[in-house]
Amino acid sequence: MNKPSLSVVIPTFNEKDNISKILERLKETLKDITHEIIFVDDNSPDGTSKEVQNFMRASSQIHLIHRIGRRGLAGAIIEGIFAANSELVAVMDCDLQHDETKLLDMLNLFSSDISLDIVIGSRFTESGEISEKAFSKIRELGSKITTLLIKKILNIKSSDPLSGFFMVKKETFLKSSDKLQTQGFKILADFLATSGKSIEIREIGYKFKNRIVGESKMSFLTVLELIGLVLSQIFQGRVSIRFILFCMVGLSGIFVQLLITGFAMLLINQFPTSQTLGIVAAMTSNYFLNNTITFQERKLRSFDLIRGLFSFYLICSLGALINIATASYFFGFSSNWLISSFVGACFGAVWNFTLSSIFTWKSK
Ligand code: GDD
Ligand code: MN
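Fair warning: this is a prediction, and the values are worked out from it, not measured in the lab.

A. Examining the overall build of the protein chain more closely. Within the protein chain one finds twelve helices and nine strands. C-alpha atoms of the protein chain, sized along the principal axes, occupy 75 × 45 × 40 Å. Counting the 364 residues in the protein chain, one finds 47% classified as buried. When the 39 positive and 33 negative side-chain charges of the protein chain are each reduced to one mean point, those points stand 5 Å apart.

Encoded structure:
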């Protein structure tokens, strides 16, 4: 088979009923273009990958990457692009919210300008819009404000860095691929911020349509991951989104500890006991939050959930000792309690994170 001129990467999670529809539309739009379509499915419980396989029997242009024990839109897209056979790769959602007919305009832009690296489907440029029913008013406003903030903080030129619809030169993408974060929802923002000014960007407006079947996977967690992405970019990628989420959970633990210690003081009025109760409550809430936020795709359940809790208590208790030891060591020659305490906390956090990633939330 000749190399296709375009690879279309479609990440999926619970999109069974959209597969036939998107394939039909792409067949129509790309009838004169040699192309391949790569679905990247994270073992959707609704049987999306089975549905894709049904279509694969009839067409050699359709491919499937089936990932087990992993979740995450960004990682799925990166793997899809890696697997692509052509020099140009389009990324689009499976739920028909992106306008597939724009793929032809994107291709045309690439053929008229060889220096181009990426064409972004934008909701916020001339002729771009969001269908009235696609987003609630709140999400639309949230999306606009977030877009503005992201553009400013990460110094991105695109009008829609949070878009999930774009066509990119595979070679350009691969250059920054090892710096991209696999956790999270917003691969485009990460890619644009990572590649900086070195790439040539063009935009095409499109109407972001309403999702007809299935549900959006955007959640509170997605928002936290986006904050993680921004902070990680600010630290120039030296800390992962996962570590930032772990630290955010850790901060929330301080409040839990103060709250519970305060309550216990009101009730029993004995300091060491109240403080112990506060610490145990904070470790427990940290554990459950990390289980749903930081390590969502390795989430522990039933018996493992209890075993994990005790390994987390153990790791954090040792972490507290390391915290005290490092802080005291620093205090020995700096005599600055604030800096010493902060350094101790950092060592403790790194210890807790590393050990709990290895022992509590083992990757499969
Ligand atoms: N493999 C995989 N793994 N696919 C996923 C995952 C995942 O963890 N989460 C979501 N997807 C797939 C969905 O099945 C869908 O095809 C696509 O990624 C987008 O997910 P939606 O749940 O439909 O997201 P949305 O509509 O709320 O937001 C989308 O559109 C926005 C505007 O263009 C996303 O593409 C956003 O990134 C984008 O900003
Ligand atoms: Mn969608």
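B. Here's a closer look at the pairing of strand E2 (residues 35–41). Among the seven residues of E2, seven are classified as buried, and the element is accordingly described as predominantly covered. Covered by surrounding structure in E2 are His35, Ile37, Phe39 and Asp41 together with Glu36, Ile38 and Val40, the residues of both alternating faces. Two strands pair when backbone bridges link them, and strand E1 (residues 6–12) and E2 are joined in this way by seven bridges, in the parallel orientation. Paired with valine 8 across the bridge in E2 is isoleucine 37. A crossover connection joins E1 to the parallel E2 through helix H1 (residues 16–29); in handedness this β-α-β unit is right-handed. Pairing analysis gives five bridges linking E2 to strand E3 (residues 62–66), with the strands arranged parallel. If you follow valine 40 over to E3, its bridge partner there is isoleucine 65. At this point the chain moves from E2, through helix H2 (residues 48–56), to the parallel E3, and the crossover so formed is right-handed.

C. Region of interest: helix H8 (residues 220–234). When the terminal C-alpha atoms of H8 are compared, their 22 Å separation across 15 residues agrees well with the 21 Å that a helix rising 1.5 Å per residue should span. All of the buried residues along H8 are Leu221, Thr222, Leu224, Glu225, Leu226, Gly228, Leu229, Val230, Ser232 and Gln233. Buried-residue contacts for H8 involve helix H5 (137–154), helix H7 (187–195), helix H9 (241–268) and helix H10 (271–292). Taken from the residues just after H8, glutamine 236 is the one with a positive phi, measuring 55°.

D. Summary view of the packing of H8 against H9. H9 packs onto H8 with a crossing angle of 115° between their chain directions and a minimal axis gap of 8 Å. The orientation of H8 relative to H9 falls into the category roughly perpendicular. Crossing of H8 against H9: the hand is right-handed. Here H8 contributes Leu224, Glu225, Ile227, Gly228, Leu229, Leu231 and Ser232 to the contact with H9, which in turn contributes Ile241, Ile244, Leu245 and Met248.

E. How the structure looks around the sheet that holds strand E8 (residues 201–205). A sheet is described by the order of its strands in space; here seven strands give the open sequence E3-E2-E1-E4-E7-E5-E8, paired in mixed fashion. The sheet is open, and its two edges are formed by E3 and E8, each paired on a single side. The mean inter-strand angle of the sheet, taken between neighbouring strand axes irrespective of direction, is 20°. In this structure, E1 lies alongside strand E4 (residues 88–91), joined through three bridges in parallel fashion. Bridging from a neighbouring strand, serine 7 pairs with valine 89 of E4. With respect to the sheet, H2 is in contact with E1, E2 and E3, its orientation differing from that of E3 by roughly 155°. Taken strand by strand, helix H6 (residues 170–177) contacts E4 and strand E7 (166–169), and its axis lies near 85° from that of E7.

F. Focus on the packing of aromatic side chains. In the structure shown here, the tally under the stated rule is 15 aromatic pairs. Centre to centre, the rings of tyrosine 329 and phenylalanine 330 are 6.3 Å apart; their planes meet at 80°, and the pair counts as edge-to-face. What makes phenylalanine 330 partly exposed here is its relative accessible area of 24%. Taken together, the ring pairs connect Phe243, Phe246, Tyr287, Phe288, Phe295, Phe312, Phe353 and Trp361 into an aromatic cluster. The cationic tip of arginine 123 hangs over the ring face of phenylalanine 208; the distance from NZ or CZ to the ring centre is 5.5 Å.

G. Seen up close, the coordination of the manganese ion (ligand 2). Note on the manganese ion (ligand 2): its protein donors are Asp95 (OD) and Gln97 (OE1). The metal-donor distances range over 1.9 Å. Residue aspartate 95 is classed as buried on the basis of its relative accessible area of 4%.

H. Local environment of the state of the cysteines. Tallied over the full model, the rule gives zero disulfides. Cysteine 316 carries a free sulfur, and the closest cysteine sulfur to it, the one in cysteine 247, is 12 Å from it. Judged by relative accessible area, which is 11%, cysteine 316 ranks as buried. Free of any disulfide, cysteine 346 has its nearest neighbouring cysteine sulfur in cysteine 247, separated by 7.8 Å.

I. The arrangement of the site of ligand 1 in detail. Near ligand 1 lie 28 residues; those nearest to it are Glu15, Asp95, Leu162, Ser216 and Lys217. Separating an oxygen atom of ligand 1 from a backbone N or O atom of proline 11 is a distance of 2.9 Å. With respect to ligand 1, the backbone of lysine 217 contributes an N or O atom lying 2.5 Å from an oxygen atom. Protein coverage of the free-state accessible area of ligand 1, which is 740 Å², stands at 98%. Sorting the residues of the shell around ligand 1 by element identifies E1 and helix H3 (73–83) as the ones contributing at least two each. Within the shell around ligand 1, the residues separate by chemical class into eleven nonpolar, seven polar and ten charged.

J. Layout of the pattern of salt bridges. The full count for this structure, using the stated rule, is 15 salt bridges. Taking the shortest distance from any N to any O, the salt bridge between arginine 211 and glutamate 15 comes out at 2.9 Å. On the criterion of sequence distance, the pair formed by arginine 211 in the loop between strand E9 (207–208) and H8 and glutamate 15 in the loop between E1 and H1 is long-range, its members being 196 residues apart. Both residues of the pair, arginine 211 and glutamate 15, count as buried.

Parameters at a glance
Residues numbered from 1 in each chain as written. Chains lettered and ligands numbered in written order. Predicted model: local features only at pLDDT ≥ 70, side-chain atom pairs only at ≥ 80, totals over all residues. Heavy atoms only, no water. Helix = DSSP H or I, 4+ residues; strand = E, 2+ residues; numbered from the N terminus. Buried < 20%, exposed > 50% of the residue type's maximum accessible area, 1.4 Å probe, protein only. Lys, Arg positive; Asp, Glu negative; His and termini not counted. Charge placed at Lys NZ, Arg CZ, Asp CG, Glu CD. Pairing = 2+ DSSP bridges. Right-handed = clockwise from strand over helix to strand, strands pointing away. Expected span 1.5 Å × (residues − 1). Contact = heavy atoms within 4.5 Å. Axes fitted to C-alpha atoms, helices over the stretch in contact; angles between N-to-C directions. Parallel < 35°, antiparallel > 145°, perpendicular 65-115°, else oblique. Left-handed = near helix turned anticlockwise from the far one by under 90°. Phe/Tyr/Trp six-rings, centres within 6.5 Å; stacked < 30°, edge-to-face > 60°. Lys NZ or Arg CZ within 6 Å of the ring centre and 35° of its normal. Donors = N, O, S within 2.8 Å, 3.2 Å for Na, K, Ca; no water. Disulfide = S-S within 2.5 Å. Near = heavy atom within 4 Å. Polar contact = N/O pair within 3.5 Å; in protein donor to acceptor, adjacent residues only side chain to side chain. Areas by Shrake-Rupley, 256 points an atom, 1.4 Å probe, with all protein chains shown as cover. Nonpolar A, V, L, I, M, F, W, Y, C, P; charged D, E, K, R; others polar. Salt bridge = Lys/Arg side-chain N within 4 Å of Asp/Glu carboxyl O.

Function cannot be inferred from these measures alone, as they are strictly geometric.
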